[in-house]
Amino acid sequence: MACDYDGTLAPFTDDPTRAHPAPGAIATLARLAELPRTTVALLSGRNRAALAEVSGATAPVVLVGSHGSEWEGGFDAPLDDDDNALLARLHTELGEIAQSTAGAHVESKPTAAVLHVRPVEDLAARERATAQAMAGPATLDGVFVTQGKNVVEIAVREASKGAAIERLVEQAGAEVAIFVGDDVTDERGFARLRPQDVGIKVGEGETAAGHRVADIPAVVRLLGTLADLRG
C-alpha cells in the first residue's frame, strides 16, 4: 500500500512545512502497516527528512522521499563534483526566476532544486515563471524534470515513483500493490502498476489509474475500510 502525501493525505498549503496530515490519516496508515503480510509506504516528492517531520509517520510505515529515489539508507549513489556543480547552477537560475516573481521561492532538496509558484497571486506571473523554468534550466543537459501542480522540480538524479513501487513490491514479495496519488508526478506510478494492482486517483483530471476518489477525506475513509477488511 503506497500513498503520495501532499494532495493525497494532506492539503496543499503555501508553506509546505505546515501541510499537516488529515485527521486520522497517519494513524490509519500505521494500523494497516501493523497487519500481517502488509507493507505500507509514504511515497513523496519531499525529501525524506522533511516527509518524516511534516507527516509524523514512523516505522513500520516505510518513508520514501525525492519521488522514489531516497530511502532509509539514503540515495543509491552520492552526488559527484559534476552533479554538485549542476545542482548549484539550477539553484542559481531558478533563484533568479523566483526573485523576479513575487511570492515564488526555491526549495532545496538533496538532489534537486524546486521552483514553487503556488503562493504567486498573479496567475500570469505564475505561468510566466513556470514557462521560464521549463525553457531555461529545465533544458540543461543531465537534468531530470518533474512538473507538478504549481511546481517545477529539476533534479540531477533520475527518480520515478513507478520504479519505487516496483522496488517495494519486490522487497515485500507483494501479490497486489495499491497506489494512491493526486498529482501528475503520480502518473509515473500508475503507469508502472501490474494488471492485478490498483491505482487510485484523488480528484479530477486525466489519469492512468483505474479508480478515483473525490478528495482527501475519501482517501482516509478508503484506508480505514481497507484496514478493516485486511484485519
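See the structure above.
Now for a description of the structure that goes with this document.

Here is what the cut-offs are and how they apply
- Residues numbered from 1 in each chain as written.
- Predicted model: local features only at pLDDT ≥ 70, side-chain atom pairs only at ≥ 80, totals over all residues.
- Heavy atoms only, no water.
- Buried < 20%, exposed > 50% of the residue type's maximum accessible area, 1.4 Å probe, protein only.
- Helix = DSSP H or I, 4+ residues; strand = E, 2+ residues; numbered from the N terminus.
- Pairing = 2+ DSSP bridges.
- Contact = heavy atoms within 4.5 Å.
- Axes fitted to C-alpha atoms, helices over the stretch in contact; angles between N-to-C directions.
- Phe/Tyr/Trp six-rings, centres within 6.5 Å; stacked < 30°, edge-to-face > 60°.
- Lys NZ or Arg CZ within 6 Å of the ring centre and 35° of its normal.

Let's talk about the pairing of strand 5 (residues 112-116)
So, point 1. Burial analysis of strand 5 places 5 of its 5 residues in the buried class, the great majority of the element.
So, point 2. Burial along strand 5 is two-sided: the face carrying Ala112, Val114 and His116 and the face carrying Ala113 and Leu115 are both buried.
So, point 3. Two strands pair when backbone bridges link them, and strand 4 (residues 105-109) and strand 5 are joined in this way by 5 bridges, in the antiparallel orientation. Within strand 5, the position partnered with valine 106 by the bridge is leucine 115.
So, point 4. Once strand 4 ends, the chain turns through 2 residues before running back antiparallel as strand 5.
So, point 5. As paired strands, strand 5 and strand 7 (residues 151-155) are joined by 5 bridges and run antiparallel to one another. Each bridged residue has a counterpart across the sheet, and for valine 114 the counterpart in strand 7 is glutamate 153.

Examining the environment of valine 219
So, point 1. Relative to the helices and strands, valine 219 is located in helix 7 (residues 216-230).
So, point 2. Given the relative accessible area of 0%, valine 219 is considered buried.
So, point 3. With 18 residues separating them along the chain, valine 219 and lysine 201 place their C-alpha atoms 9.6 Å apart.
So, point 4. Dropping the residues within four chain positions of it, valine 219 is found in contact with Thr8, Leu9, Val180, Val202 and Val213.

A short note on unusual backbone geometry
So, point 1. In this structure, the amide linkage connecting alanine 59 to the following residue, proline 60, adopts the cis form with an omega of 15°.
So, point 2. Looking at where proline 60 falls in the secondary structure, it is placed in the loop between helix 2 (48-55) and strand 3 (62-64).
So, point 3. The phi dihedral of serine 66 is positive, around 55°, even though this residue is not glycine.
So, point 4. By the secondary structure assignment, serine 66 is in the loop between strand 3 and helix 3 (81-99).
So, point 5. We classify serine 66 as buried; its relative accessible area is 3%.
So, point 6. In this model, histidine 67 sits at a positive phi of 60°, which is unusual for a non-glycine residue.
So, point 7. With relative accessibility at 11%, the residue histidine 67 sits in the buried group.

Observations concerning the sheet that holds strand 1 (residues 2-3)
So, point 1. Pairing in this open sheet of 6 strands is parallel, and the strands run 3-2-1-8-9-10 from one edge to the other. The sheet is open, and its two edges are formed by strand 3 and strand 10 (211-213), each paired on a single side.
So, point 2. Taken together, the 3 bridges between strand 9 (residues 198-202) and strand 10 define a ladder with parallel strand orientation. Bridge pairing in strand 10 places valine 202 opposite valine 213.
So, point 3. Where helix 7 meets the sheet, its contacts fall on strand 1, strand 8 (178-181), strand 9 and strand 10, and the angle it forms with strand 9 comes to roughly 150°.

So, the pairing of strand 8
So, point 1. A two-sided burial pattern is seen for strand 8, the buried positions comprising Ile178 and Val180 on one face and Phe179 and Gly181 on the other.
So, point 2. Relative to strand 8, strand 1 runs parallel, the two sharing 2 bridges. Note on strand 8: the bridge partner recorded for alanine 2 is phenylalanine 179.

Overview of the packing of aromatic side chains
So, point 1. Tallied over the entire structure, the rule returns 1 aromatic pair.
So, point 2. Where phenylalanine 179 meets phenylalanine 190, the ring centres are 5.2 Å apart and the plane angle is 50°; that geometry is what we call tilted. Placement of the pair is phenylalanine 179 in strand 8 and phenylalanine 190 in helix 6 (residues 187-191), with a sequence separation of 11 residues. With respect to class, phenylalanine 179 is no different from phenylalanine 190; both count as buried.
So, point 3. One cation-aromatic arrangement involves arginine 118 over phenylalanine 12; the distance from NZ or CZ to the ring centre is 4.3 Å.
So, point 4. Positioned above the aromatic ring of tryptophan 71, the side-chain terminus of arginine 167 is 4.0 Å from the ring centre.

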